[in-house]
Structures are given as C-alpha cells and as structure tokens.
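# Coordinate inspection notes
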Amino acid sequence: MNALPARIEVETPRASVAGCAHCGAPVPADLGRFCCTGCEGAAALISGLGLDAFYRRREAIADLRPVPLPPVDFSARAVPLRDGAEHRLELMVAGLTCGACVWLVEQALAMEPDVLRARASLTARRLTLTWRGPASRAEDLIGIVARLGFRVAPWSAACLRATEDAEEKALTRALGLAAFGVSNVMMLSVAVWVGSDMGEATRALMHWLAALIAMPVVLVAGMPFYRSALSALRAGRLNMDMAVSLGVLATTAMSLSEALRNGPFTWFDGATALLALLLAGRLLDRAARRRARQACAELLALQTAEVTRLAPDGTAQRIGAEHIRPGERLLVAPGERLALDGALEEGEALLDTAATTGESLPRNFTRGEALPAGAVNLGAALIQRVTAAASEGSLAAVSRLLERAEQSRGRYVSIADRAARIYVPVAHVVALMTFLGWWLGVGLSWQEALVPAVAALIVTCPCGLAIAVPAVQVVSVGALFRRGVLVGSPTALERLAACDVAVLDKTGTLTTGRPELLPDPARPEGVLEAAAALAASSRHPLARALVAACKTPVQAAEGVVEIPGAGLRREGALLGSAAFCGVPATAEAGPSLWYRAGAAAEPVAFRFVDPLRPDAAEAVAALRKLGLEVELLSGDAPSAVAQAAGALGIDHWRAGVTPADKAARIEELRAQGRRPLMLGDGINDAAALALAHASASPAGSTDLAQAAADLVLRAEGLSALPAAIATARRAQSLARQNIGFSLTYNAVAVPMAVLGFVTPLLAAVVMASSSLIVILNSLRAGRDA
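Residues numbered from 1 in each chain as written. Predicted model: local features only at pLDDT ≥ 70, side-chain atom pairs only at ≥ 80, totals over all residues. Heavy atoms only, no water.

## Notes on the overall build of the protein chain
- For the protein chain, the count of helices and strands is 27 helices and 30 strands.
- Looking at the protein chain as a whole, 51% of its 785 residues are labelled buried.
- Split by element, the accessible area of the protein chain, about 34800 Å² in all, is 59% carbon and sulfur. (Helix = DSSP H or I, 4+ residues; strand = E, 2+ residues; numbered from the N terminus. Buried < 20%, exposed > 50% of the residue type's maximum accessible area, 1.4 Å probe, protein only. Areas by Shrake-Rupley, 256 points an atom, 1.4 Å probe, with all protein chains shown as cover.)

## Here we look at the sheet that holds strand E24 (residues 592-596)
- The strand order across the open sheet built from 6 strands is E20-E25-E24-E23-E22-E21, with neighbouring strands paired in antiparallel fashion. What marks the edges here is a single partner per strand, and that holds for strand E20 (516-517) and strand E21 (561-563).
- Two strands pair when backbone bridges link them, and strand E22 (residues 567-570) and strand E23 (residues 573-576) are joined in this way by 4 bridges, in the antiparallel orientation. Along E23, the bridge assignment pairs Arg569 with Leu574.
- Packing of helix H19 (residues 527-535) onto the sheet brings it into contact with E20, E22, E23, E24 and strand E25 (604-609), and relative to E23 it is tilted by some 75 degrees. (Pairing = 2+ DSSP bridges. Contact = heavy atoms within 4.5 Å. Axes fitted to C-alpha atoms, helices over the stretch in contact; angles between N-to-C directions.)

## So, unusual backbone geometry
- One non-glycine residue, Glu571, adopts positive backbone phi at about 55 degrees.
- Within the secondary structure layout, Glu571 lies in the loop between E22 and E23.
- Overall, the relative accessible area of 68% leaves Glu571 in the exposed class.

## As for the side chain of Glu106
- Along the chain, Glu106 falls in helix H4 (residues 99-110).
- Buried and unpaired, Glu106 has no salt bridge, with Arg119 as the nearest side chain of opposite charge at 4.1 Å.
- Dropping the residues within four chain positions of it, Glu106 is found in contact with Ala118, Arg119 and Ala120. (Lys, Arg positive; Asp, Glu negative; His and termini not counted. Salt bridge = Lys/Arg side-chain N within 4 Å of Asp/Glu carboxyl O.)

## Side note on the sheet that holds strand E27 (residues 652-654)
- Taken in spatial order, the 7 strands of this open sheet run E18-E30-E29-E28-E19-E26-E27, and their pairing is mixed. Edge strands, defined here as strands with exactly one partner in the open sheet, are strand E18 (485-487) and E27. Across the sheet, the mean angle from the axis of one strand to that of its neighbour is 20 degrees, orientation sign disregarded.
- Pairing geometry for strand E19 (residues 501-504) and strand E26 (residues 629-633), over 4 bridges, is parallel. Note that in E26 the partner of Val501 across the bridge is Glu629.

## Focus: the pattern of salt bridges
- Enumeration according to the criterion identifies 13 salt bridges in this entry.
- Residue Arg137 pairs with Asp114 through a salt bridge whose shortest N-O separation is 2.5 Å. In this pair, Arg137 sits in helix H5 (residues 137-147) while Asp114 sits in the loop between H4 and strand E6 (115-121), placing the two residues 23 residues apart along the sequence. The exposure classification of Arg137 matches that of Asp114, with both residues buried.
- Two residues, Arg665 and Glu668, come together in a salt bridge whose shortest N-O distance is 3.2 Å. Here Arg665 pairs with Glu668, and both are found in helix H23 (residues 659-671), just 3 residues apart, close to one helical turn.
- You can call Arg665 buried: its relative accessible area is 16%.
- Via salt bridges that share partners, Glu112, Asp114, Arg137 and Asp140 belong to a single interconnected network.

## Focus: the pairing of strand E11 (residues 329-332)
- In E11, alternate side chains face the same way, and those of Leu330 and Val332 are buried while those of Arg329 and Leu331 on the opposite face are not.
- Direction of pairing for strand E9 (residues 306-310) relative to E11: antiparallel, over a ladder of 3 bridges. When the sheet's bridge partners are listed, Thr308 is paired in E11 with Leu331.
- Here E11 pairs with strand E17 (residues 382-386) via 4 bridges, running antiparallel. Bridge pairing in E17 places Val332 opposite Leu382.

## Section: the environment of Ala731
- Summarising the element assignment, Ala731 is placed in helix H26 (residues 720-754).
- Residues Ala731 and Leu779 lie 48 residues apart in sequence; the distance between their C-alpha atoms is 9.9 Å.
- Not counting residues within four places of it along the chain, the set of residues in contact with Ala731 comprises Val472 and Ser476.

## Overview of the packing of aromatic side chains
- Following the criterion strictly, the structure yields 1 aromatic pair and no others.
- Here the aromatic rings of Phe435 and Trp439 are separated by 5.4 Å at their centres, their planes lie at 35 degrees, and the arrangement is tilted. Separated by 4 residues within a single helix, Phe435 and Trp439 lie in helix H14 (residues 415-442), roughly one turn from each other.
- Judged by its relative accessible area of 37%, Trp439 falls in the partly exposed class. (Phe/Tyr/Trp six-rings, centres within 6.5 Å; stacked < 30°, edge-to-face > 60°.)

## Considerations on helix H20 (residues 541-548)
- Inspection of H20 places Pro541, Leu542, Ala543, Ala545 and Leu546 among the buried residues, and these make up the whole buried set.
- Buried positions along H20 lie against E20, H19, E23, E24 and E25.

## What to know about the nonpolar core
- Ranked by internal contacts, the top residues of the largest apolar core, which has 33 residues, are Leu496, Leu504, Leu510, Ile650 and Leu677.
- Element by element, the count of residues in this core is highest for H26, at 5 residues.
- When sequence neighbours within four positions are dropped, the list of residues in contact with Ile650 reads Leu504, Leu510, Val620, Arg624, Val630, Glu631, Leu632 and Ala645.
- Judged by nonpolar contacts, the second largest core, of 25 residues, contains Val102, Ala120, Leu127 and Trp131. (Core = buried A, V, L, I, M, F, W, Y, C linked by side-chain atoms within 4.5 Å.)

## Notes on the packing of H19 against H20
- For the pair H19 and H20, interaxial distance at closest approach is 9 Å and the crossing angle is 135 degrees. By the angle class used here, H19 and H20 are oblique. Remark: the crossing between H19 and H20 carries left-handed chirality. Contact residues: H19 offers Leu528, Ala531, Ala532 and Ala535, while H20 offers Ala543, Leu546 and Val547.
- Looking at side-chain class alone, the contact of H19 with H20 contains 7 nonpolar, no polar and no charged residues. (Parallel < 35°, antiparallel > 145°, perpendicular 65-115°, else oblique. Left-handed = near helix turned anticlockwise from the far one by under 90°. Nonpolar A, V, L, I, M, F, W, Y, C, P; charged D, E, K, R; others polar.)

## Points about a nonpolar patch on the surface
- A surface patch of nonpolar side chains, about 380 Å² in accessible area, is lined by Met186, Val190, Trp193 and Val194.
- For Val190, a relative accessible area of 43% puts it in the partly exposed group. (Patch = residues over 30% accessible without salt bridge, like charges linked within 9 Å, V, L, I, M, F, W, Y side chains within 5 Å.)

## Quick notes on the side chain of Arg309
- Mapped onto the elements, Arg309 comes out in strand E9.
- At a separation of 3.1 Å, a polar atom in the side chain of Arg309 contacts the side chain of Glu328.
- If sequence neighbours within four positions are ignored, Arg309 has contacts with Thr315, Ala316, Gln317, Ile319, Ile324, Glu328, Arg329 and Leu330. (Polar contact = N/O pair within 3.5 Å; in protein donor to acceptor, adjacent residues only side chain to side chain.)

## Some thoughts on helix H22 (residues 638-648)
- Turning to H22, its buried residues are Val641, Ala644, Ala645 and Leu648. With its buried residues spanning 100 degrees around the axis, H22 presents them on a single face. Exposed and facing more than 90 degrees away from the buried side of H22 are Ser639, Gln643, Gly646 and Ala647.
- Buried residues belonging to H22 abut helix H18 (506-510), helix H21 (616-625), E26 and E27. (Arc of directions from axis to C-beta.)

Okay, structure coming up:
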C-alpha cells in the first residue's frame with residue numbers, strides 16, 4: 001500500500017495546528033494527521049487504489065469529510081440498458097471543487113471491474129455512471145464516492161437550478177463592503193491630501209478614522225482573493241490573486257505604519273479602491289459564467305416539462321417528462337412542443353421542426369415515423385409512442401455536447417492570465433530580493449529595509465495589469481451594447497478577434513425564417529382574399545404568410561375543415577398541397593400552396609420564399625473583408641440552400657445537415673487549427689455554437705441558442721456581427737497596448753524603487769497614474785464601435 005498523505009500545516013492565532021491530510025480541517029498537533037476516522041478511512045481508500053496523486057493535483061482544500069448516503073433508493077432510479085444487462089445512473093455530486101476532484105471520482109469508480117463509464121462534470125456537478133450488472137449494484141458504487149468525502153444525491157433539473165451559488169453571494173457582499181469603504185476612506189484621504197495647513201492632531205484623527213474604516217474592509221472584502229491565493233499556494237502555483245493580495249495587504253500595512261507614526265500620508269484609499277474595482281470585475285465574470293451554464297438548464301427544463309400520458313384504458317394524466325419510459329403513449333395537443341423523442345402512433349402529423357433540424361417549412365409525418373423532441377405540433381392532436389427517455393433522447397445528447405463544449409471552452413487561457421503566469425513570480429522575487437539586499441547586503445535594519453521592498457511591491461502591484469484587459473472589455477462591451485450586441489462570456493471578445501472562418505446557418509439566421517408570398521401579376525383578382533379566408537383557420541406558416549399578404553383585414557371563413565398534412569376544405573373550395581388540389585406534382589416548384597374554388601375551377605398557385613435578411617449580403621461581404629472564410633451549413637433542402645448560397649456568393653455550402661453534423665464540422669475545423677465563428681439560431685445549432693471558438697445568435701433565436709452563444713445580436717439584421725468582430729480586434733490591440741505599457745512602466749519604476757529612490761508615497765502615485773493611463777487608453781475602444 002502506498003504511503004498516506006502528510007498533514008497540511010496551518011497557522012492559527014491560538015495554537016499551532018495541522019490541517020487534516022484529507023479534508024484540510026484544523027487538527028491539533030497531538031491528534032495525528034486526520035480530523036476523524038472517516039477522513040483516515042478515505043485517505044486509506046485513496047492510497048489503496050493507488051490514487052495518491054489526488055493530493056498533489058487538487059487546486060483547493062475542500063471539505064471532503066466522508067458522509068453517510070442519503071435515505072434514497074438509488075437502485076430504483078437506475079435506468080436499464082441492453083435489456084437490463086447494464087444500468088446507468090445520473091447523480092448530483094457536491095464537493096467537486098477542481099479538476100483533481102473530478103479525476104479522483106472517475107478513477108476510483110473506473111477501478112471497479114463492472115463499471116463501464118464514469119464521467120463527472122465539474123460545471124454541472126453531475127456524475128454519469130454506467131455499469132454492467134443488476135441495479136442493486138448502485139448502492140455499492142455510490143458508497144465509494146461517499147467514502148471519498150463527496151455528498152451524493154439523485155440528479156434532476158431541479159438540482160441544477162437549485163445549485164447554491166455561495167461564491168456569487170460572497171462576491172456581492174464583498175463588493176458592497178468595498179464600495180462603502182472606498183467612498184468613505186476617499187473622503188478622508190482627500191481632506192489630508194488638500195489640507196496642507198492641517199494640524200498634526202487633525203491629521204492623526206483623519207488617519208485613524210481611515211484605518212478604522214479600511215482595516216475591516218480590507219480584511220473581509222479581500223477574502224475572495226486571499227482564499228484564491230492560499231489555494232494556489234497549497235497547489236504549488238502562483239496566480240494574479242497572489243500579487244493582488246500581497247499588494248493590498250502591503251499597502252494597508254504601510255498605511256497602518258504611517259498612521260502609527262502620524263506620517264504625512266496613508267494609502268488606505270488605494271487599497272480599498274483596488275479591491276472594489278477587482279471585485280466588480282470578478283462579479284461580472286461570475287455572472288457571465290452563470291449565463292453560459294444556463295444552456296444546459298434550458299434543455300433540462302424542456303426535458304422536465306409536463307406531458308400528457310395515456311394509460312392503457314385511455315385516461316390522460318399530466319406528468320413530468322422525466323418520469324416517462326420508452327414504450328409509453330403521449331397525447332400532444334395542437335401547438336404543443338414535443339418534449340421527448342418518439343414515433344407517430346396513428347394517422348398523420350404536421351410538425352414545425354425548424355428549431356431542431358433547420359428546415360424552413362413544416363414537415364408531414366406519417367404513422368410510424370420518428371418525431372423529434374423540440375418540434376411543435378401544427379396540426380390536430382396526435383398520439384406519440386415514446387422511443388427514448390428524457391436522459392437518453394436527442395435533447396439529452398445536445399445537453400451532453402454543451403457540457404463537453406463548455407469544459408473545453410473553460411480551458412481557454414485569457415491574455416491577462418498568460419501575462420500573469422510570468423509577471424507575478426517575477427514581481428514577488430523582485431520585492432523579496434530588494435528587502436534582502438537592503439537588509440543583509442547594505443546592513444539596514446529590517447524595518448528600514450522593508451520601506452524600499454514595500455515601495456517595490458506597491459510599484460509592481462498589478463493594478464494596471466489587472467485592469468488592462470477588463471477595462472478594455474468594459475468599454476467594448478458597453479459600445480457593443482449600444483449597437484444591440486450582448487456579450488455573454490468574459491473571454492468572448494478575445495476569442496472573437498481570433499476567428500478566421502465563419503460557419504453560418506441559413507433558416508432564421510441568413511433568412512428571416514418567415515415565408516413571404518411572391519407577387520404574381522397573372523393571379524386573378526379576388527383569389528388571394530378568398531384563399532386567405534380559408535388560410536385564417538390554420539397555423540401553418542404558409543397559411544399565415546398568405547393571410548399576412550392581404551392588404552385588407554381577413555375574416556376567417558366558417559365551416560373550414562383542416563386535413564393534417566394535406567390542406568383546408570370548405571364545401572367545394574380547397575387550399576393546400578398540389579396533390580390535395582388535384583395538381584400534378586411536376587407543376588409545383590418550391591414552397592407553395594394551391595387554391596381551387598371548386599371542382600370545375602382552375603387551380604391557382606401561391607408561391608412563397610423564405611427571404612434573406614436585407615443586410616445578409618452586406619454582412620457576408622463584410623466578414624470576407626475582415627479576412628474570414630464563409631461556409632453555409634443548413635438542415636434545409638438542397639435547392640433552398642443552393643439558392644441562398646448563390647445569392648450571397650458563398651461557395652462552400654452543405655444542405656440536409658443534422659445537429660451532430662454541424663458539431664462535427666466545427667470540431668473538424670478546430671482539429672485543422674482553424675478558429676471557427678458559428679452563427680445560428682435554433683436548437684439544432686446549440687451544440688455547434690458551444691463548440692465553436694466563438695459564437696453568435698441573431699435576434700429571434702431560441703432561448704437555448706442564445707444561452708449557448710457568446711454574443712446575442714438583439715437588433716434586427718446581421719450587420720452588427722462584422723462590427724463586433726472589428727470592435728473585438730480593436731479591443732485586443734488596445735489590451736496588448738495596456739499590458740505592454742504596464743510592463744514598460746514596471747521596467748522603469750521597479751529599478752528606481754529597488755535602489756531606494758521611490759518612497760511608498762511616490763510609488764502609490766505612480767501606480768495610480770499608470771492605472772489612469774490604462775483606463776484612458778481603454779476608452780479608445782468605444783470609438784467608432
């Protein structure tokens with residue numbers, strides 16, 4: 001057996017204690033390495049499985065004390081597969097804090113010989129477990145997870161919606177406290193700065209009032225940064241929060257020292273202001289990541305919608321979709337969206353599948369045909385026999401693609417983080433060497449040597465570097481918002497600026513998604529109004545377009561009978577497909593409706609087109625001008641896609657593609673080293689939107705597409721997309737300028753501070769000036785955006 005992990009040393013004000021070797025909880029030194037027998041057993045289990053690397057991999061010390069299983073029959077919730085030979089279970093796992101936790105859970109379960117698949121999602125806190133054997137095996141497998149210290153519960157959409165967001169609440173409280181502190185401390189500091197004739201007693205009073213306000217603010221509001229810095233140290237790495245924490249604490253310490261000796265100035269205002277600015281940026285980042293996670297929530301909400309189940313005796317019962325099993329029969333009312341995959345039990349059905357397949361026109365389904373989840377029933381009520389449970393169907397597959405894509409996108413490293421990896425350790429080493437040089441080399445006392453060291457630390461405090469990218473992003477996002485573009489990801493602009501190929505959807509993206517009647521000078525007078533009177537009784541998109549084409553209000557005719565998938569009949573008048581009106585199929589070209597006033601009357605054709613958006617051609621040309629190649633992927637018919645591609649001058653296009661095909665094309669482009677930009681509006685585009693290097697959805701998109709996209713074009717039209725790319729590229733250029741200036745400023749100011757020519761006061765002024773220059777430069781991002 002491998003050796004158990006060493007205890008974690010923790011310093012407390014009361015006594016020297018050690019952190020539990022497993023969960024990190026404080027343990028008195030005389031009690032050994034573990035806080036309880038449960039943690040000792042968990043560590044022994046990890047060591048026995050040969051997974052000791054967990055303690056080196058984890059980025060944070062989480063509360064992993066083993067807990068008993070909840071009083072839930074997990075075996076009853078296992079989904080049978082392959083006629084019961086295999087089972088699968090979805091679980092909610094609390095306590096997953098980093099990639100090491102995910103690795104530990106997956107590896108511990110994978111070592112069980114009957115486990116076929118164990119996949120944990122850090123984002124959704126969900127564990128998918130598949131094993132070979134009876135359902136009763138679930139209790140044993142879940143017991144392994146619980147013994148490791150992770151709390152387990154059955155998965156449901158409510159779990160995702162109710163997942164606690166303690167971090168966001170803590171950030172909000174910290175920001176409120178920091179804002180209160182900086183406003184009050186700044187008022188006192190200004191009085192000291194301008195009060196050149198202020199007496200020493202009054203100045204001392206101002207210093208101590210500022211300290212009284214700032215000290216609790218710095219200690220409490222800075223906790224998110226301090227915890228992050230401490231976790232990074234325990235994981236053996238440095239991050240930007242380490243530099244921020246040291247800079248804030250050092251500035252506060254020097255200010256307190258100046259208050260004690262009643263020096264001319266303190267810098268409590270700088271410490272509290274830095275905290276307020278960085279907390280505001282972090283809260284915005286957290287909100288953006290929460291919005292990104294809503295994509296899975298949208299799908300899960302659809303999967304947990306109520307459906308009408310038909311019992312064998314024909315009685316109907318409303319029940320959650322997650323409780324439906326394959327083989328059960330559902331009643332789908334007119335206008336209702338299908339929540340599950342299934343097959344048409346009897347008769348015919350007319351479904352709008354634009355959101356799921358991208359087809360611009362509704363499709364006719366006959367008995368036995370597969371009905372896709374997410375489609376809308378445009379005809380009469382239908383009976384559907386379910387072929388896949390909610391966790392097994394097409395919507396669940398898209399949800400899994402979204403989770404995988406979000407985790408892949410989460411590995412994207414921003415330009416500021418890349419700079420911090422180099423900058424932070426260098427800044428710390430410079431401050432330490434300054435202190436040691438003046439103390440041991442020159443022979444000053446440690447108190448005197450601390451002054452130039454703190455000055456160097458204040459000079460190198462990454463205020464400018466920390467706001468170099470966020471300041472540009474705030475200005476750019478505000479400018480895009482004024483153009484009707486919402487930016488939903490903190491790294492969206494960085495990724496958008498790097499895109500080199502645009503992959504576009506057709507229906508509802510390049511086109512309006514609303515059929516329009518083509519003019520026909522040969523159409524007899526009054527026929528349009530007569531046909532529209534029948535069409536007013538139908539929800540079919542072509543029927544609605546026919547009504548909308550009338551210049552006068554349309555009164556719906558009485559006694560109209562709708563034949564699903566065929567057309568409308570009123571006495572001898574017919575409106576519908578060519579076959580329904582007795583017209584040979586060869587006479588029909590493109591989307592059309594036919595009207596026959598009677599058996600002896602000549603049929604009249606109404607032809608429709610899904611028009612391109614007015615600015616589609618201009619937007620495609622602008623994308624090419626920005627250096628992006630353009631591709632068109634659509635689930636629509638080849639003729640419609642070819643016509644749109646020809647009108648827009650797009651050479652590379654594919655028709656009849658499925659959601660999986662779109663996602664595969666995005667992955668293919670990324671494997672080639674390309675950085676694709678995906679533009680789509682439907683459920684069928686969601687996976688591709690999430691997998692793309694950057695993504696956008698136009699106005700009128702489905703909620704799922706908007707949740708999966710980085711940018712949402714709220715204004716009608718596509719012209720805002722090329723403008724957003726230009727703004728993103730300008731923002732990246734300015735961000736690099738800001739970072740370059742911050743590094744240049746440090747290259748000049750740091751040697752001056754190391755040599756003792758810069759006092760802490762001057763260091764604070766220079767630091768604030770550099771931040772001001774960065775902010776002023778960032779304001780340029782809003783010009784012409």
